[in-house]
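Inside the fold
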Amino acid sequence: MPLAHASSEDTHPAPDRDGGRISVLLPVPVGAAFDYHAVPGLDLAPGDYVRVPLGGREVIGMVWDAPKAECVVAAKPIRLRDVIERFDLRPLGAIHRRFIEWVASYTMTPLGAVLRMTLNSPQALAPPKSVTAFAPVAGWLPPQGFRMTPARTRVLGMLAGGPPLAMAELTREATTGAGVVHGLKNAGALMTIDMAPPAPFAAPDWRRKGVRLSPRQAKAARALCQRVAEPVADQGGDGDGEHAAGFSVTLLEGVTGSGKTEVYLEAVAAAVAQGRQVLVLLPEIALTAQWLERFRARFGVAPAQWHSDLGSRQRRLSWRAVADGKAQVVVGARSALYLPFRDLGLIIIDEEHDGSFKQEDGVLYNARDMAVVRARLGEIPAILVSATPSLESVTNVRDGRYRHLHLPDRHGGAELPAIHLVDMRTDLPPAGCWLSPTLRGALEHTLGARQQAMLFLNRRGYAPLTLCRGCGHRLKCPNCTAWLVEHRFQDRLACHHCDYTLSLPESCPHCSATEAWAACGPGVERLAEEVTALFPEIRLEIMASDTLAGPDAAARLVGRVERHEIDVLIGTQIMAKGHHFPLLTLVGVVDADLGLAGGDLRATERTYQLLAQVAGRAGRGREPGEVFLQTYDPGHQVMQALASGDREAFLGAEVKARQDAGMPPFGRLAAVILSSAHEDEVDRWARALARAAPRVSGLAVLGPAPAPLSFLRGRHRRRFLVKGGRQMRLQPTLKSWLGAIKLPRSVRLQVDIDPYSFL
């Protein structure tokens, strides 16, 4: 890996490579480390966090391993700039550094951009501030006139013979105010002591008993615990530990409601008992509410959390606790994978099939796949969990790469819901409505029995399209190839791709007609309007990403459903998985065909997974559940598989279709996207890339063609798809091809290895 050089105006000779020259990787989008001068006494080693100058500013970087290739010796000595300081923090381990390099190489991303995902809380590098605590002064006697009130007596009694206490803890335990404590200190009864702050996260009690497991659950839990018990690698800073055979990947598959979480929490307990750290990845932060309650019930405390909705202080505490090894269990979104774990012993990817694990901006990676890589590098077990596993994971099980555990029954004797297909070609709803007579009748029966219902429609807002009745003009986003979605409850139109918003115009900008706007199609808000008109007395809520302000709001809503303060829950895919509502007996899917449109290679698989997960919310308690899928194509293989429960037949058909087309997981795929603010410019450079496209046996380069969203966030986009055999590594060919064309700065190039979304 070549070295870049940070120049300086200061003049001093370049140090010897074995002396003061050191390689520092910076969290900037470049593919190489920079060369700096290590000031004597800093005692720097690979993985150390350092502050260095870069141009006219100071940045935080990491001492990187010495390059294998020698630097080119310049005719004139290169003046290196000094490392400013080393942070007092355990170095990032060699395994994590190799992981950063692996991700950068695989995703064809600059090394520094991947490092930035680890150095994403620079404030956490400073040592935690000490805490002022109070301790009694030996031999103190009250001075004349100093009255010993009951509150003062309680404070002194609380400290007598015990450890010093911080103000908050002391006043809480003594049930008094800070003024009492300060009064005792001023009188000489107390002295202050600077102490290290308390641990931000209590250690999980792995000895606590969990819920009683069924024989099948207990057998699966024992198998997972055996994986955890296998020897693992030394993850210290030098990376020289013996790599024993501790790596494994296990797919824990179980029908919805089978108790998969309780099973894998036993593996968490086994890892914590060994003193190892555990990472649990969840696809949606809205899923953390019930998950955290289950964790507290099992271990008595809450784990550390990591997701985008955390405040800066909480992020700082979590990052530092992970690096210090004081956070034993972390639950988080995909970015938690890049936290600087001191001693990671187990990774769990819950809802492993979920598309939210694929990051679509910045560094493009699938957290599920990268978690398996992280486990392999660290020689630790990984557990993939799902009721509807991805075809990739199913294929890896069938090929013997992954182990497999199956829970075919719901916990506690609950039955899977009956699934009915509603043919919308014959079971027509009234004009301007979206619920069929069959679904309306089922909803009326459920509410009459004082049970709960869920209506699923994977469309936010009121209507996906607004047009003028006079001239047909459609309101579209000026920055994207997308229609503006009406959010009537918020009185705005919005683009769901670039967040552009607009108030509904009083008149049509094309024909000037007034009061001519027509909302076309339903969103969850329009569906709520219809249900409220049918059942005006019911308690109804909408659950969608734009109606929940973070995980706390999701937790409150989930709690209200559990307490039966809500009769009908209407929402999008955010409510489709992971939630357990014992009183919910009816699920209605308003538009089951919605995900099947378009040319996405995973459309049928994703639709099956989503609808199966939605259906799985029904009948998880004592009462049986029913599911109604409204569809215009009841003969489609997805609908037939769901209605019959024949998942194997569906998987067989999906496998054959992918194999015949050579598509993942039976082939390799990469997307290359060019974008520019000017359409003629992006077309010109796309043609230049097409002329230079590689001609390699077994490799096909398709395109260029307009991307499905050909205009996104103000930029015109053209896409190539590169397709190869299953054993082919696409990256070397892509690197050679794309590196031969020097694009202007106004044209951006994005490479997506293993694309998930085809927008």
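Reading guide: rules and limits
Counting starts from 1 at the beginning of each chain's written sequence and moves along it residue by residue. Note on the predicted model: pLDDT of at least 70 is required for a residue's local features to be given, and 80 or more for side-chain atom pairs to be given and counted; whole-chain, interface and lining totals, by contrast, use all residues. With hydrogens and water excluded, all non-hydrogen atoms of the structure serve as input to the side-chain values. For helices, the axis comes from a line fit to the C-alpha atoms of the stretch in contact; other axes are also lines fit to C-alpha atoms, and the angle between any two N-to-C directions lies between 0 and 180 degrees. Strands are runs of DSSP state E lasting at least 2 residues, helices are runs of H or I lasting at least 4, and numbering of each runs from the N terminus. Roughly parallel refers to an angle under 35 degrees, roughly antiparallel to one over 145, roughly perpendicular to one between 65 and 115, and oblique to any angle outside these ranges. In this description, contact between two residues means that some pair of their heavy atoms is separated by no more than 4.5 Å. Amino acids are sorted into nonpolar (Ala, Val, Leu, Ile, Met, Phe, Trp, Tyr, Cys and Pro), charged (Asp, Glu, Lys and Arg) and polar (every other residue, Gly among them). Whether two strands pair depends on DSSP finding at least two bridges between them. A side-chain nitrogen of Lys or Arg and a carboxyl oxygen of Asp or Glu constitute a salt bridge if their distance falls within 4 Å. The cut-offs for exposure are 20% and 50% of the maximum accessible area for each residue type, with area from a 1.4 Å probe on protein chains only; residues under the lower value are buried, those over the upper are exposed, and the others partly exposed. To estimate the expected span of a helix, count its residues, drop one, and scale the result by 1.5 Å. The arc in question is formed by the directions pointing from the helix axis toward the C-beta atoms. As a per-residue measure, pLDDT tells how confident the predictor is, with possible values from 0 to 100.

Focus: the packing of helix 11 (residues 391-398) against helix 17 (residues 647-661)
- Remark: helix 11 packs on helix 17, axes separated minimally by 12 Å, with the N-to-C direction vectors making an angle of 95°. By the angle between their axes, helix 11 is roughly perpendicular relative to helix 17. Here helix 11 contributes Leu 391, Glu 392, Val 394 and Arg 398 to the contact with helix 17, which in turn contributes Arg 647, Glu 648, Leu 651, Glu 654, Val 655 and Arg 658.
- Taken together, the residues of the contact of helix 11 with helix 17 break down into four nonpolar, no polar and six charged.

Some words on the sheet that holds strand 7 (residues 131-136)
- Taking strand neighbours across the sheet as the criterion, the three strands line up as 8-7-9 in an open arrangement whose pairing is antiparallel. Pairing within the sheet leaves two strands with one partner each, and these edge strands are strand 8 (165-166) and strand 9 (190-195).
- In this structure, strand 7 lies alongside strand 9, joined through six bridges in antiparallel fashion. Each residue of the ladder has a partner; that of Thr 132, found in strand 9, is Asp 194.
- Sheet strands touched by helix 5 (residues 178-186): strand 7 and strand 9. Its angle to strand 9, the strand with the most contacts, is close to 110°.

A word on the pattern of salt bridges
- Taken as a whole, this structure holds 36 salt bridges when the rule is applied.
- Where Arg 298 meets Glu 266, a salt bridge forms, and the shortest distance between an N and an O atom there is 2.9 Å. With a gap of 32 residues between them, Arg 298 in helix 8 (residues 288-299) and Glu 266 in helix 7 (residues 260-273) connect regions that are remote in the sequence.
- For Arg 298, a relative accessible area of 7% puts it in the buried group.
- Among the ionic pairs, Lys 358 bridges to Asp 752, the shortest N-O distance being 2.8 Å.

Some remarks on the sheet that holds strand 28 (residues 667-676)
- Pairing within the open sheet is antiparallel, and its four strands lie in the order 29-30-28-31. In the strand order of this sheet, the two ends are held by strand 29 (700-712) and strand 31 (748-753), each with one partner. In this sheet, neighbouring strand axes are inclined to one another by 20° on average, regardless of whether the strands run parallel or antiparallel.
- Both strand 29 and strand 30 (residues 715-725) contribute to a ladder of seven bridges, which runs antiparallel. The partner of Ala 700 across the bridge, within strand 30, is Lys 723.
- Against the sheet, helix 19 (residues 730-739) contacts strand 28, strand 29, strand 30 and strand 31, and its axis sits at roughly 25° relative to strand 28.

Things to note about helix 6 (residues 215-229)
- Taking 1.5 Å per residue, 15 residues should reach 21 Å; helix 6 reaches 21 Å between its end C-alpha atoms and fits that length.
- Within helix 6, the full set of buried residues consists of Gln 217, Ala 220, Ala 221, Ala 223, Leu 224, Arg 227 and Val 228. When helix 6 is viewed along its axis, its buried side chains cluster within an angular range of 160° and face the same direction. Away from its buried face by more than 90 degrees, helix 6 exposes Pro 215, Lys 219, Arg 222, Gln 226 and Ala 229.
- In this structure, the buried side of helix 6 is in contact with strand 10 (248-254), helix 7, strand 14 (344-350), strand 15 (381-386) and strand 16 (403-407).

A few points about the confidence of the model for the protein chain
- Overall, the prediction assigns the protein chain a mean pLDDT of 89, with 93% of residues at 70 or greater.
- Per-element averaging of pLDDT across the protein chain places strand 1 (residues 4-5) at the bottom with 40 and strand 15 at the top with 98.
- A low-confidence stretch, residues 1-19 (pLDDT under 50), is modelled with 49 contacts involving residues beyond four sequence positions or located in other chains.
- Here residues 236-244 is a poorly scored stretch, pLDDT under 50, and it has 18 contacts once near neighbours within four places are set aside; other chains count.

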